[in-house]
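Summary of structural features
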Amino acid sequence: MSDDVQPVPAAPGSSPTVRLRQVLGRMPDYKPGKPATARPGLTPYKLSSNENPYGPLPSVLSTINEAAASVNRYPDMAVVELRERLGRALSVSADCIATGTGSVAVLAQIVQAACDAGDEVVFAWRSFEAYPIVTQLAGATPVMVGLDDQARHRLDAMADAVTERTRVVLVCTPNNPTGPSVHRAELDAFLDRVPSDVIVVIDEAYVEFVRDPESVRGLEVWRERPNVVVLRTFSKAFGLAGLRVGFAVAHRDVAAAIRKTATPFGVNSIAQAAAVASLDAFDELKERVESIVEERARVVQGLQDQGWKLPESDANFVWFPLGADSTAFAEACEEAGLMVRQYGDDGVRVTIGETEANTRLLEVAEAFGAR
Ligand code: PMP
């Protein structure tokens, strides 16, 4: 810094004169998963954000490096290449695809496209914690319907909760943080009861990990129902969480509305190129997904052998519904160098991670004692 530059004035403190939206004071902050903290002699593992434990494929990394050379230019605002590549991969028209900076942003775009102040968004609870946040930020009202005792959606109760003010219903399958996926038959019965002017979002962030044969396949439902929108992400199975790309598949006019509410140039050029390269390398990525699914099976079997009774998981995490014991379990995990995600007194979610991390989870769970 040259000598003639004036020092920056001290940062101002609070600003009591500025009027901000009152809803912000009523909203929880989005809590990111805790980073892994190092303990002497113990490799720490971050199992708190449902990330993919594998780094980018060499082919994807070299695409990222190449794309970095052009960041003086704005990205393609219409995200044409990625939407067309996705369209080919999913056998849908690129017009039916809307992208955003992570599927959480696409979700916010959907709610903004559909809701005016006071409209209602129905979803299960517990579910993905961004749901109440994006709803309230749009000025809409969250209507939360409790899960059943197997930690599954109660779609009948969700249909009962639909009113004239309902504009969007969110169905999270598999459900984050509890794990079970929604079955096709129960979703069909639910959709038959929901008015066709209400958008039903099938949030399939974890779809690549689904192995339950009865599970919903969102795109099949989307092809049959004009009010269904499928939400997907490159953050989980594709391992691009840090680049922030997600997308929706929606009917043409709905997709156009979702694109309208996006931040201009939001999906950056490196992210667009990496997503295309990941679709090109999907066969390699599928092997990684398969090994995560195998690790899930090993962890679930190990926990069952210890006597744990947990909800089914069709995703890359397991849910320990521990009630008042949640804090003690989360502390035991952290003590062992495993960063996990505690949800108050509801339970603890643990991502399936590196083999060594999963083995350590089994050891912690055994020492804690099955419930
Ligand atoms: N939906 C669900 C169910 C999720 O669990 C997540 C990530 N935790 C998202 C959407 C958003 O993921 P991203 O914004 O990284 O695409």
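Computed from a predicted model, the values in this text were never measured in an experiment. (Residues numbered from 1 in each chain as written. Predicted model: local features only at pLDDT ≥ 70, side-chain atom pairs only at ≥ 80, totals over all residues. Heavy atoms only, no water.)

Our next topic: the pairing of strand E4 (residues 141–146). Sheet faces and side chains relate simply in a regular strand, where the side chains alternate between the two faces. Sheet topology places strand E3 (residues 120–125) next to E4; six bridges connect them, and they run parallel. If you follow alanine 124 over to E4, its bridge partner there is valine 145. Running through helix H5 (residues 130–137), the crossover from E3 to the neighbouring parallel element E4 is right-handed. (Pairing = 2+ DSSP bridges. Helix = DSSP H or I, 4+ residues; strand = E, 2+ residues; numbered from the N terminus. Right-handed = clockwise from strand over helix to strand, strands pointing away.)

Next up on the list: the pattern of salt bridges. Scanning the model with the defined rule gives 21 salt bridges in all. Among the ionic pairs, arginine 225 bridges to aspartate 188, the shortest N-O distance being 3.5 Å. Residue arginine 225 is located in the loop between helix H8 (218–224) and strand E7 (228–233), and its partner aspartate 188 is located in helix H7 (residues 184–193); the two are separated by 37 residues in the primary sequence. A salt bridge links arginine 232 to glutamate 204; its shortest N-O distance comes to 2.9 Å. You can see arginine 232 sitting in strand E7 and its partner glutamate 204 sitting in the loop between strand E6 (199–203) and H8, a full 28 residues away along the chain. (Salt bridge = Lys/Arg side-chain N within 4 Å of Asp/Glu carboxyl O.)

Along strand E8 (residues 246–249), one buried face is formed by Gly246 and Ala248 and the opposite face, lined by Phe247 and Val249, is buried too. Note: strand E2 (residues 97–100) against E8, four bridges, orientation antiparallel. Residue pairing in the sheet places glycine 100 in a bridge with glycine 246 of E8. Here four bridges tie E7 to E8, and the two strands are oriented antiparallel to one another. Residue threonine 233 lies in a different strand from E8, and its bridge partner there is glycine 246. (Buried < 20%, exposed > 50% of the residue type's maximum accessible area, 1.4 Å probe, protein only.)

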